[in-house]
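The primary structure of each chain is shown beneath.
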Amino acid sequence: MSTLPDLVFFAVLLVFAGALAGLLAGLLGIGGGAVLVPVFYQVFGYVGIDPAVIMHLAVGTSTAIIVPTSIRSFTAHRKRGVVDMELLKGWIVAVPLGAVLATVVVSHASSEMLRLIFAVIALMLAARMIFLTNRLHLGDDLPGEPARFAVGTAFGVISGLMGIGGGVLNNTFMTLYRRPIHQAVATSSGVGVLISIPALIGYIAAGWGEAGLPPLSTGFVNWIAFALIIPVAMVVTPIGARLAHAMSKRQLEFGFAAFLIVVSLRFFWSLYG
């Protein structure tokens, strides 16, 4: 991807990817990482980036995009007073610790291993969307320490490995303990901040000097994709959000589950097909 036509083709594909990711993120009510990683995987593959670093680059670049979007979302939710700041303060060490541990794993993992991890966890999340409804509860309040610290660390590890902001995981956790879904979603934006900032630093460090990376990459973060995706996604996301209001919560859950299943099958096929 060293010639100008190659770069233009790359940019055009990313614009379409940003539109798709923004539409699905708005429609499905997620931060976008679960959408961006498989989209990046496809786009990076189309332009001939080294297969050995494609998945690393997809996860790292997705993480970079989550930083500004999660900060913006957290600021807006905090102004409304619906964020559980006590939970976030309790996770100020646990969640970043998990995210950093994830980048250490990534620095030693193959592209095939990262695809397998993403595919397996995506299937588990899809199963949660289909079978685990809000009627199931584990208690009347969130667990105390050290269980809460362990949960935060686990969220950081899983989200860091997948390049997501942890919203799906935290929403499930909080609603299982009878927290209102609006509070869960608002608090998840803060979880995204705690995950994405240390994970971004970790992905830059893990990929520093790696061979096969495309132009304008710092470690496993491609800044061309970053610069093109954010404005397009922000324009298109509200359109998806408006479409979401015309659908029931159950329809959205099945829609997101179907998307995750398709992504999982795509990754499994790339590994074993």
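Residues numbered from 1 in each chain as written. Predicted model: local features only at pLDDT ≥ 70, side-chain atom pairs only at ≥ 80, totals over all residues. Heavy atoms only, no water.

Examining the overall build of the protein
And step 1. Within the protein one finds 11 helices and two strands.
And step 2. Put simply, the protein runs from its N terminus to its C terminus through helices and strands in the order α-α-α-α-α-α-α-α-α-β-β-α-α.
And step 3. Against the compact-globule benchmark of 19 Å for 273 residues, the protein has a radius of gyration of 18 Å, which places it among compact chains.
And step 4. Taken over the C-alpha atoms alone, the protein extends approximately 60 × 40 × 40 Å along its principal axes.
And step 5. Taking all 273 residues of the protein together, the buried fraction comes to 50%.
And step 6. Put simply, 80% of the contacts in the protein that link residues at least 6 apart link residues at least 24 apart. (Helix = DSSP H or I, 4+ residues; strand = E, 2+ residues; numbered from the N terminus. Rg over C-alpha atoms; globule rule 2.2 N^0.38 Å. Buried < 20%, exposed > 50% of the residue type's maximum accessible area, 1.4 Å probe, protein only. Contact = heavy atoms within 4.5 Å.)

A short note on unusual backbone geometry
And step 1. For the bond running from E145 to P146, omega is 0°, close enough to zero to count as cis.
And step 2. Structurally, P146 is set in the loop between α6 (111-131) and α7 (147-162).
And step 3. Even without being a glycine, R178 presents a positive backbone phi close to 65°.
And step 4. By the secondary structure assignment, R178 is in the loop between α8 (167-176) and α9 (181-206).
And step 5. Relative accessible area serves as the criterion here: at 47%, R178 is assigned to the partly exposed category.
And step 6. With a phi close to 60°, L216 is a non-glycine residue in the positive phi region.
And step 7. Within the element layout of this structure, L216 appears in the loop between α9 and β1 (217-218).

A word on the environment of H108
And step 1. Mapped onto the elements, H108 comes out in helix α5 (residues 94-108).
And step 2. As a C-alpha pair, H108 and S159 span 51 residues in sequence and 17 Å in three-dimensional space.

Focus: the packing of aromatic side chains
And step 1. Inspection of the entire model under this criterion finds eight aromatic pairs.
And step 2. Both rings, one in Y41 and one in F267, keep their centres 5.0 Å apart while their planes meet at 90°; by these two values the pair is edge-to-face. Pair noted here: Y41 is in helix α2 (residues 33-46) and F267 is in helix α11 (residues 249-272), with a separation of 226 residues, a long-range link.
And step 3. Residue F267 is classed as buried on the basis of its relative accessible area, which comes to 1%.
And step 4. Judged by centre distance (5.8 Å) and plane angle (35°), the rings of W91 and F173 are tilted. In this pair, W91 sits in the loop between α4 (85-90) and α5 while F173 sits in helix α8, placing the two residues 82 residues apart along the sequence. Each member of the pair, W91 as well as F173, carries the same accessibility label: buried.
And step 5. Chaining the aromatic ring pairs together yields one cluster made of W91, F155, F173 and Y177. (Phe/Tyr/Trp six-rings, centres within 6.5 Å; stacked < 30°, edge-to-face > 60°.)

Overview of the nonpolar core
And step 1. Counting 73 residues, the largest nonpolar core has F40, F44, M55, W91, F118 and L260 as the members making the most contacts within it.
And step 2. With five residues, the next largest nonpolar core counts A64, V67, L200 and V221 among its residues. (Core = buried A, V, L, I, M, F, W, Y, C linked by side-chain atoms within 4.5 Å.)

A closer look at the environment of V82
And step 1. Along the chain, the position of V82 falls in the loop between α3 (51-79) and α4.
And step 2. Put simply, V82 and Q183 are 101 residues apart on the chain and 5.4 Å apart in space, counted from C-alpha to C-alpha.
And step 3. Once residues lying within four places of it in the same chain are set aside, the contact partners of V82 are H77, Q183, A186 and T187.

Concerning the environment of A11
And step 1. In this fold, A11 is placed in helix α1 (residues 4-28).
And step 2. Expressed as a C-alpha distance, the spacing of A11 and V43, which sit 32 residues apart in the sequence, is 9.8 Å.

Structural notes on the side chain of N170
And step 1. Within the secondary structure, N170 sits in helix α8.
And step 2. On the basis of relative accessibility, which here comes to 0%, the residue N170 falls in the buried class.
And step 3. Here the side chain of N170 touches S188 through a polar contact of 2.9 Å, side chain to side chain.
And step 4. If near-sequence neighbours (up to four positions away) are discounted, N170 is found in contact with L87, W91, F155, A184, T187, S188 and V191. (Polar contact = N/O pair within 3.5 Å; in protein donor to acceptor, adjacent residues only side chain to side chain.)

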